[in-house]
Amino acid sequence: MRTLRPSRLLSPARASGGVSRRGLLTGGAALGLGAVLTACGSEDSDKDKKSGSGSDDKAWSFKDDRGKTARSDSTPKNIVAFISTAAALHDYGVEVTGVFGPSKPVGGKPNPQAGDLDVDKLTSLGETWGQFNIEKYAALKPELLISNMFPPPNLWFVPEESSKKIAALAPTVGINGARASLLEPLERYTDLAASLGADLESQKVRAAKSRFEKAERTLRKAAKASGGLKVMAMTGDAQQMYVAVPDSYCDLNYFKDLGVEFVEGKKSDEWGFWEFLSWENADKYHADLIMVDNRSSALTEDQLAKKPTWTKLPAVKAGQTVPWSMEERYSYAGYAPVLEQLAAAIEKSKKLKR
């Protein structure tokens, strides 16, 4: 199965790019790496996914959402991860040495995908799709690589062309974030962090879980009281507006379970994450509240304001928009504020006439 491009999956704003993933790879980066470690992924379909041990003097293993078990003689310490994955682990007290994916500030503010990470202290292997500096990765002497999957089996932001070379340098773990409930990756990252030595009974971790559960109740109450308020999740680029297919996204799927009513975008391609609309047809659906992709790859609301059809949408005219943390880190600390923000937006919004 080929790696999914963000232009047809989570980040359609890159569709206007025109530069191939292969062309973005550093020339010759895969050469001269020297001896590599033996790849440690293995199929283990007959065991529980939640395996792992957190002791330095004992063998470590963790079965991921591909059904592969990553193994090491001791608990990995030198970890490299996709940026939001690194941010999730940080919330549990598990630190990484390298990251890949968007981490630079956006408009002078911390990148929303970086969470509470101090990115200046981490080695970046690449910011954009297709960029993954293998020489830098090898120099870090990685013991484990972790990323999300949308959906399995490919690791998000790990270039398909280099995936075998990358996998040969250290064990890899993939956690699924597509076509599931948000509760699933949240639980999986909790399990993974625990296997890597996180203290799940620490005050910080317990407080984050408690805040998340309270926010969950608040959002459920707000959705119930909204009277059928229609919410649309979207992103946009210069050419098109993209309406999310809620069941394909674990956060939207979960919000639906809490009672939020979404505009249901129709699948435009084989991956089924978006309905692609020309800007002339941006008013195809009526929405009372619009969730706007907050990543650096998407048009900002200031940029969207230059699209006449966008400014004419009832929700936009009424000021009923809210940022959509589409690639938020999968931790309770990460998602508690997301739930609180959405609940507050629903409470403040009113049903609008088309």
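Q: Mind showing me how you'd approach the sheet that holds strand β6 (residues 144–149) here?
A: The strands making up a sheet associate through backbone hydrogen bonding, with each pair oriented either parallel or antiparallel. The strand order across the open sheet built from five strands is β5-β4-β3-β6-β7, with neighbouring strands paired in parallel fashion. The open sheet has two free edges, formed respectively by β5 (123–124) and β7 (172–176), since each of these has just one partner strand. Bridge count between strand β3 (residues 79–82) and strand β4 (residues 98–100): three bridges; the pairing is parallel. Following the sheet pairing, alanine 81 is matched in β4 by valine 99. Relative to the sheet, helix α2 (residues 83–91) contacts β3, β4 and β6, its axis offset from that of β3 by approximately 120°. Contacts from helix α5 (residues 183–195) reach β6 and β7 within the one sheet, and its direction differs from that of β7 by about 155°.

Q: Help me out: how do you make sense of the confidence of the model for the chain in this one?
A: Do not read the fine detail of predicted coordinates wherever pLDDT is low. When pLDDT is averaged along the chain, the result is 87; 84% of the residues meet or exceed 70. Segment residues 1–8: pLDDT under 50, and 36 contacts once partners within four positions in sequence are set aside and those in other chains are kept. Counted against residues more than four places away or in other chains, residues 13–55, with its pLDDT under 50, gives 92 contacts.

Q: Explanation requested: the environment of tyrosine 254 in the structure shown.
A: Among the secondary structure elements, tyrosine 254 is positioned in helix α7 (residues 250–257). Within polar-contact distance, the side chain of tyrosine 254 engages the side chain of glutamate 216 at 2.4 Å.

Q: Would you mind going over the packing of helix α6 (residues 203–225) against helix α11 (residues 332–348) with me for this structure?
A: The angle between the axes and the distance between the axes are what describe a pair of packed helices. For the pair α6 and α11, interaxial distance at closest approach is 8 Å and the crossing angle is 20°. When the axis of α6 is compared with that of α11, the two are roughly parallel. Note that α6 runs across α11; the crossing there is left-handed. Every residue of α11 that contacts α6 at Ala208, Lys209, Arg211, Phe212, Ala215, Glu216, Thr218, Leu219, Ala222 and Ala223 is listed here: Tyr332, Ala333, Tyr335, Ala336, Pro337, Leu339, Glu340, Leu342, Ala343, Ile346 and Glu347. A per-class count over the contact of α6 with α11 returns 15 nonpolar, one polar and five charged.

Rules and cut-offs
- Residues numbered from 1 in each chain as written.
- Predicted model: local features only at pLDDT ≥ 70, side-chain atom pairs only at ≥ 80, totals over all residues.
- Heavy atoms only, no water.
- Pairing = 2+ DSSP bridges.
- Helix = DSSP H or I, 4+ residues; strand = E, 2+ residues; numbered from the N terminus.
- Contact = heavy atoms within 4.5 Å.
- Axes fitted to C-alpha atoms, helices over the stretch in contact; angles between N-to-C directions.
- pLDDT = per-residue confidence, 0-100.
- Polar contact = N/O pair within 3.5 Å; in protein donor to acceptor, adjacent residues only side chain to side chain.
- Parallel < 35°, antiparallel > 145°, perpendicular 65-115°, else oblique.
- Left-handed = near helix turned anticlockwise from the far one by under 90°.
- Nonpolar A, V, L, I, M, F, W, Y, C, P; charged D, E, K, R; others polar.

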